[in-house]
There are 2 protein chains.
Amino acid sequence: MLPEEKEIYFKVAISVSLVLFGFDGEMLRILLSNDTKKGPFPGAPHLPSVYVKAHEGIDSNVEKLVFLHTQKDHIFVEQLKAFAKVFNNPLGRVVNIAYYATVKLDDELLQYSKERDEEWVAYSKIPDLAFDHNEIIDYAKERLKRRVKRRPIGFYLLPKHFTISQLQKLYETALNREMDKRNFRKKIVNSQLIVETGLTDNSSSRKSAKLYKFDEEKYQKLSLKGYDFLF
Amino acid sequence: MLPEEKEIYFKVAISVSLVLFGFDGEMLRILLSNDTKKGPFPGAPHLPSVYVKAHEGIDSNVEKLVFLHTQKDHIFVEQLKAFAKVFNNPLGRVVNIAYYATVKLDDELLQYSKERDEEWVAYSKIPDLAFDHNEIIDYAKERLKRRVKRRPIGFYLLPKHFTISQLQKLYETALNREMDKRNFRKKIVNSQLIVETGLTDNSSSRKSAKLYKFDEEKYQKLSLKGYDFLF
DNA sequence: TCAAAAGTGTTCTTTGTACACCCATGT
DNA sequence: ACATGGGTGTACAAAGAACACTTTTGA
């Protein structure tokens with residue numbers, strides 16, 4: 001590239017979009033913003049996004065974006081890929097780098113999102129979105145499906161203490177199929193990824209259910225050696 | 001973003017880098033360019049790359065880049081992810097979108113690359129590269145490992161007709177471990193992904209080996225339904 | 001004649017899958 | 001008393017892993 005050509009190249013903007021998966025104990029949901037008043041897609045919901053200033057780091061922007069929408073730290077975040085169709089954005093050429101993250105969807109967060117006029121939409125009922133955000137979500141779902149099969153990232157979506165039924169529901173939503181209760185428990189227990197807490201939950205049934213927590217140490221080992229959690 | 005802020009954002013360039021995997025019948029190799037005479041990494045080899053003009057499509061640039069370095073069409077190409085550390089490139093902020101592709105490494109291509117002062121370096125002996133290209137290659141290797149396990153993309157790396165031993169060597173290099181001959185053959189034959197051609201190869205051994213080809217129709221079916229080729 | 005790669009089966013272990021009933025308790 | 005979700009075991013099928021010898025033929 002010659003110096004005088006720089007202006008042909010250096011006139012692109014970076015944006016970051018976030019597919020935030022939340023699990024409310026019943027189903028997976030994705031966070032959508034509704035604040036588009038004008039622009040090319042007025043009124044259309046869209047993924048939480050931010051433009052990145054040319055001199056700023058991407059990762060710090062992603063972190064900020066995640067915190068802004070979750071109020072939580074230590075969230076699982078991973079890049080999906082760059083989406084960079086030419087006419088995505090009427091402001092000019094924008095490279096949109098898409099990330100996904102997983103979060104425990106508790107009442108506090110639901111309340112917070114509501115105040116911000118953001119909505120946790122059911123995984124299976126995503127409406128038409130602005131830009132190419134539907135495509136990004138489809139891509140994110142596929143990634144989640146694969147990840148959930150091979151690594152125990154599902155645990156990031158659950159509260160600290162959870163029942164095996166909740167865990168199973170999470171897997172069923174993510175993988176979009178039903179599973180056998182006994183086989184599921186067998187596999188999870190064999191994996192030794194969860195340990196009993198001694199506590200019980202009786203909010204969702206007559207008989208109370210054992211609460212488990214996730215064995216972090218075991219998880220670290222299994223994550224490293226390319227773990228197989230094949231459902 | 002306000003109109004007057006546009007200049008804070010729209011001053012980034014896009015580049016595309018390519019991790020080109022080639023298999024020569026013995027081992028996997030990656031193509032590196034050596035033409036860096038000046039700049040921040042003088043003399044350091046680097047991945048084949050190109051800057052993308054702000055108004056151009058990414059995909060067409062990737063296609064062109066692949067063709068430029070392989071002289072072949074219908075190559076398997078997939079995006080890895082965007083690499084966008086702030087000070088990657090002294091010209092200014094550059095978002096480098098990395099792709100990988102797989103190609104049959106025949107004599108013709110070896111000759112062509114040689115003329116272009118490019119080198120097919122052994123998969124396990126990658127030198128220090130310019131920019132963050134080593135990081136990109138590590139990422140690409142991991143992706144190849146996963147892909148090769150789940151989808152028959154290995155076939156894109158082989159000549160039209162190949163022996164089972166060649167196929168096994170390819171898997172062994174990609175996955176970096178040895179495999180049992182009998183179990184390998186059993187699995188491959190059971191998969192019904194390859195068919196005998198009736199031809200034989202006697203270049204690499206005393207006893208001649210059967211040449212197989214890859215059953216495209218079967219492949220299409222298996223690729224769609226999220227195939228498991230677990231080695 | 002021997003070195004080098006081709007080709008071939010069996011056994012055992014592990015993992016997956018299908019399947020049905022009793023339990024505790026809040027209403 | 002009954003509806004709701006919690007919890008448990010067994011038998012069969014499929015897939016993976018370990019393992020050793022014979023064949024062909026160019027040098």
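Thresholds applied
- Residues numbered from 1 in each chain as written.
- Chains lettered and ligands numbered in written order.
- Predicted model: local features only at pLDDT ≥ 70, side-chain atom pairs only at ≥ 80, totals over all residues.
- Heavy atoms only, no water.
- Helix = DSSP H or I, 4+ residues; strand = E, 2+ residues; numbered from the N terminus.
- Buried < 20%, exposed > 50% of the residue type's maximum accessible area, 1.4 Å probe, protein only.
- Areas by Shrake-Rupley, 256 points an atom, 1.4 Å probe, with all protein chains shown as cover.
- Lys, Arg positive; Asp, Glu negative; His and termini not counted.
- Charge placed at Lys NZ, Arg CZ, Asp CG, Glu CD.
- Least-squares fit on C-alpha atoms with pLDDT ≥ 70 in both.
- Contact = heavy atoms within 4.5 Å.
- Buried area = accessible area lost by both parts, 1.4 Å probe.
- Salt bridge = Lys/Arg side-chain N within 4 Å of Asp/Glu carboxyl O.
- Polar contact = N/O pair within 3.5 Å; in protein donor to acceptor, adjacent residues only side chain to side chain.
- Domains from an automatic or database assignment.
- Near = heavy atom within 4 Å.
- Nonpolar A, V, L, I, M, F, W, Y, C, P; charged D, E, K, R; others polar.
- Axes fitted to C-alpha atoms, helices over the stretch in contact; angles between N-to-C directions.
- Parallel < 35°, antiparallel > 145°, perpendicular 65-115°, else oblique.
- Left-handed = near helix turned anticlockwise from the far one by under 90°.
- Core = buried A, V, L, I, M, F, W, Y, C linked by side-chain atoms within 4.5 Å.

Visitor: Even after reading the chapter, I still don't get the overall build of chain A, so can you show me in this structure?
Guide: Within chain A one finds 7 helices and 8 strands. The dimensions of chain A, computed from C-alpha atoms along their principal axes, are 70 × 40 × 30 Å. Counting every position in chain A, which comprises 231 residues, the buried fraction comes to 48%. Accessible surface, chain A: about 12,100 Å² in total, of which carbon and sulfur atoms supply 49%. Here chain A contributes 38 positively and 32 negatively charged side chains, and the mean placements of these two sets differ by 6 Å.

Visitor: Would you take a moment to explain the relation of the copies chain A and chain B for this structure?
Guide: Note on the chain copies: they are related by a rotation about an axis and a translation along it. Of the transformation placing chain A onto chain B, the axial shift is 0.0 Å and the rotation is 179°, giving an RMSD of 0.1 Å. The relationship between the two copies is best expressed as a two-fold rotation axis. In this assembly the copies share their binding face: 100% of the residues contributing to the interface of chain A also contribute to that of chain B.

Visitor: Would you explain the interface of chain A and chain B in this entry?
Guide: Much of the literature gives interface size as the accessible area that the parts lose upon coming together. Contacts between the two partners involve 34 residues from chain A and, on the opposite side, 34 residues from chain B. Carbon and sulfur atoms supply 61% of the area that chain A and chain B bury against each other, a total of about 3,100 Å² over both sides. When residues of chain A are sorted by the area they lose upon contact with chain B, Tyr9(A), Phe10(A) and Ala54(A) head the list and together hold 20% of the total. The interface formed by chain A and chain B holds 0 salt bridges in total. If you look at where chain A meets chain B, you find 13 residue pairs in polar contact (both at pLDDT 80 or more). Sorting elements by how many residues they give to the side of chain A that touches chain B places strand β4 (residues 76–83) of chain A first, with 4 residues.

Visitor: How should unusual backbone geometry be read in this particular structure?
Guide: For residues that are not glycine, phi is negative in most cases, and the peptide bond is trans in most cases. Residue and element names in this part refer to chain A. Located in the positive-phi region is aspartate 117, a residue other than glycine, with phi close to 60°. Here aspartate 117 shows up in the loop between α3 (107–115) and β6 (118–122). Judged by relative accessible area, which is 44%, aspartate 117 ranks as partly exposed.

Visitor: Where do I start with the domain arrangement of chain A in this structure?
Guide: All names here are of chain A. Partitioning chain A into structural domains gives domain 1 (3–148) and domain 2 (152–224). Each of domain 1 and domain 2 has a C-alpha centre, and the two are 28 Å apart. Contact with domain 1, which involves 17 residues of that partner, is made by 15 residues of domain 2. The tally of links between domain 1 and domain 2 comes to 1 salt bridge. Its salt-bridge partner being lysine 169, residue glutamate 26 comes within 3.3 Å of it at the nearest N-O pair.

Visitor: I would appreciate a short explanation of the protein's contact with DNA strand D in the present structure.
Guide: Ser165(A), Lys181(A), Arg185(A), Lys210(A) and Asn183(B) are the nearest of the 20 residues found near DNA strand D. Of all DNA strand D atoms lying within 4 Å of any protein atom, the proportion belonging to sugar or phosphate reaches 34%. A distance of 2.8 Å is found between a base oxygen of DNA strand D and a side-chain nitrogen or oxygen belonging to Lys181(A). Residue Lys210(A) places a main-chain N or O atom 2.9 Å away from a phosphate oxygen belonging to DNA strand D. Looking at the surface near DNA strand D, the elements that each hand over two or more residues are α6 (181–191) and β8 (209–214) of chain A together with α6 (181–191) of chain B. Per-class residue counts for the surface near DNA strand D are 2 nonpolar, 5 polar and 13 charged.

Visitor: What's the story with the packing of helix α4 (residues 133–150) of chain B against helix α5 (residues 164–175) of chain B in this structure? I'm lost.
Guide: When two helices pack together, their arrangement is given by the angle between the helix axes and the distance between those axes. All names here are of chain B. Between α4 and α5, the shortest axis-to-axis distance is 9 Å and the interhelical angle comes to 140°. Relative to α5, the element α4 lies oblique. Here α4 runs over α5; the crossing is left-handed. Here Leu144, Lys145, Val148 and Lys149 of α4 come into contact with α5, specifically with Tyr171, Ala174 and Leu175.

Visitor: Hey, could you run me through the nonpolar core in this one?
Guide: Burial of nonpolar side chains together is a common tendency in soluble globular proteins. The biggest cluster of nonpolar side chains holds 48 residues, and the ones touching the most others in it are Ile58(A), Val95(A), Ile97(A), Ile58(B), Val95(B) and Ile97(B). Within the residue set of this core, elements represented by two or more residues are β1 (13–23), α2 (58–70), β5 (94–104) and α3 of chain A together with β1 (13–23), α2 (58–70), β5 (94–104) and α3 (107–115) of chain B. Not counting chain neighbours up to four residues away, the residues in contact with Val95(A) comprise Val12(A), Ala13(A), Ile14(A), Ser15(A), Ala82(A), Phe83(A), Ala84(A), Ile14(B), Val95(B) and Ile97(B). Counting 40 residues, the second largest nonpolar core, distinct from the first, contains Ile153(B), Tyr171(B), Met179(B) and Tyr212(B).

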